[in-house]
Amino acid sequence: MATDNLSPQRWYSLAGWADVDPARHSFDPAGAPAIVRSLAPPVPAVPLAAQDAAWPDDHAAREDAFQWNMAMTDALVGHYGAWAYGWHWSLGVDDYVGELVGRWDFWAPISTSPAETLLLVADALVEWRRWLENLAERFDRFLPRLQGVAEQGEIVAVWETAIAHLMTTTVARVEDEDGWQAWCARVLTWFLNAAGVPEQRSAALVNRALGARFDGWVRLSVADVADVAERLAREVAGLASGGIPRAGQGGDDWPDTWPDGWPSWRATNLPRVHS
């Protein structure tokens, strides 16, 4: 197979909620195995020695695995739509760049038989779809409440509750408890977008709320959830300052440190670079 790793049509950002919203894209889970079998390119034979390692030394085996996985992904996206691109994602992130990674690594060996390989692809696609549907149900719990309140304080409260809920439920499913950042950023961006905030502004607000303090691999504490939820809720509602005391501006009724050693952004005794 010829290498085409940089072909732009092979990559799908799924940055907007419309890209993955189950309400916009029909799907029959029962028919997924048959669809996968009908779409799949021939499964290459990966040497047994290569199958014993997550990253085989055989460069040709890795290349064949990558090319097949990309061809399978292109076929799924062509049939189901862009949302199917996430079939290979797991709830984890890359150690170095903090981006979403797949349980089905594009360079890892393929399963021991074509039939098993295609069944695993179908299972992964169904699991991804179920996660999206679960997420949509959670969105639907909060979106009507956001539209049904007029008083600014109430709007902030609903936003804050929704953000905290989504962060907590998202992190609960992340395989690495200190690798939650990319998933929370994606889910919160989708939620803001679903609520009518433009895609680019949604991403910018979420990135600013999460901040540089979460660039490293750290576990998410309850205090972190509260901080992010309040920051982002006020940003979305147009109350970025909102009279909330920051470092050196009062707020002595708040503890100067939160659990796990994180200083509160409200603290008066510890200046915060990212406050």
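Residues numbered from 1 in each chain as written. Predicted model: local features only at pLDDT ≥ 70, side-chain atom pairs only at ≥ 80, totals over all residues. Heavy atoms only, no water.

**Things to note about the overall build of the protein chain**
Here is step 1: Of regular secondary structure, the protein chain possesses nine helices and two strands.
Here is step 2: N-terminal to C-terminal, the α/β element order of the protein chain is α-α-α-α-β-β-α-α-α-α-α.
Here is step 3: Counting only residues that meet the buried cut, the protein chain has 48% of its 275 residues in that class.
Here is step 4: Excluding contacts between residues fewer than 6 apart, the proportion of contacts in the protein chain whose partners are at least 24 apart in sequence is 67%.
Here is step 5: Element-wise, carbon and sulfur atoms account for 53% of the exposed surface of the protein chain, whose accessible area totals about 13,500 Å². (Helix = DSSP H or I, 4+ residues; strand = E, 2+ residues; numbered from the N terminus. Buried < 20%, exposed > 50% of the residue type's maximum accessible area, 1.4 Å probe, protein only. Contact = heavy atoms within 4.5 Å. Areas by Shrake-Rupley, 256 points an atom, 1.4 Å probe, with all protein chains shown as cover.)

**Structural notes on the side chain of H25**
Here is step 1: Assignment of secondary structure puts H25 in the loop between helix 1 (17-20) and helix 2 (32-39).
Here is step 2: Here D19 takes part through its backbone oxygen, which lies 3.4 Å from a polar atom of the side chain of H25.
Here is step 3: In this view, H25 contacts A18, D19, V20, Y80, W83 and R129; residues no more than four positions away in its chain are not counted. (Polar contact = N/O pair within 3.5 Å; in protein donor to acceptor, adjacent residues only side chain to side chain.)

**Quick word on the packing of aromatic side chains**
Working definition: an aromatic ring pair is given by the centre-to-centre distance plus the angle between the planes.
Here is step 1: Scanning the model with the defined rule gives eleven aromatic pairs in all.
Here is step 2: Pairwise contacts between aromatic rings join W17, W128, W131, F139, W159, W183, W190 and F191 into one cluster.
Here is step 3: Directly above the aromatic system of W83 lies the positively charged group of R129, at a separation of 4.9 Å from the ring centroid. (Phe/Tyr/Trp six-rings, centres within 6.5 Å; stacked < 30°, edge-to-face > 60°. Lys NZ or Arg CZ within 6 Å of the ring centre and 35° of its normal.)

**Quick notes on the environment of R138**
Here is step 1: Of note, R138 is situated in helix 5 (residues 114-147).
Here is step 2: Judged by its relative accessible area of 18%, R138 is buried.
Here is step 3: On a C-alpha basis, the gap between R138 and T169 in space is 9.6 Å, while along the polypeptide they are 31 residues apart.
Here is step 4: Excluding residues within four positions of it along the chain, R138 makes contact with H165, L166 and T169.
Here is step 5: Within the local environment of R138, its side chain forms a polar contact with the side chain of N134, the two groups lying 2.9 Å apart.
Here is step 6: Within the local environment of R138, its side chain forms a polar contact with the side chain of H165, the two groups lying 3.0 Å apart.

**A few points about the nonpolar core**
Here is step 1: Core analysis: the biggest nonpolar cluster contains 66 residues, and W190 and F191 have the highest contact counts within it.
Here is step 2: Where this core is concerned, the elements lending two or more residues are helix 1, helix 2, helix 4 (59-80), helix 5, helix 6 (152-172), helix 7 (181-194), helix 8 (199-210) and helix 9 (222-236).
Here is step 3: Tallying contributions element by element places helix 5 first for this core, with 15 residues.
Here is step 4: Setting aside residues no more than four positions away along its own chain, F191 makes contact with F139, F142, L143, L146, W159, A162 and L166. (Core = buried A, V, L, I, M, F, W, Y, C linked by side-chain atoms within 4.5 Å.)

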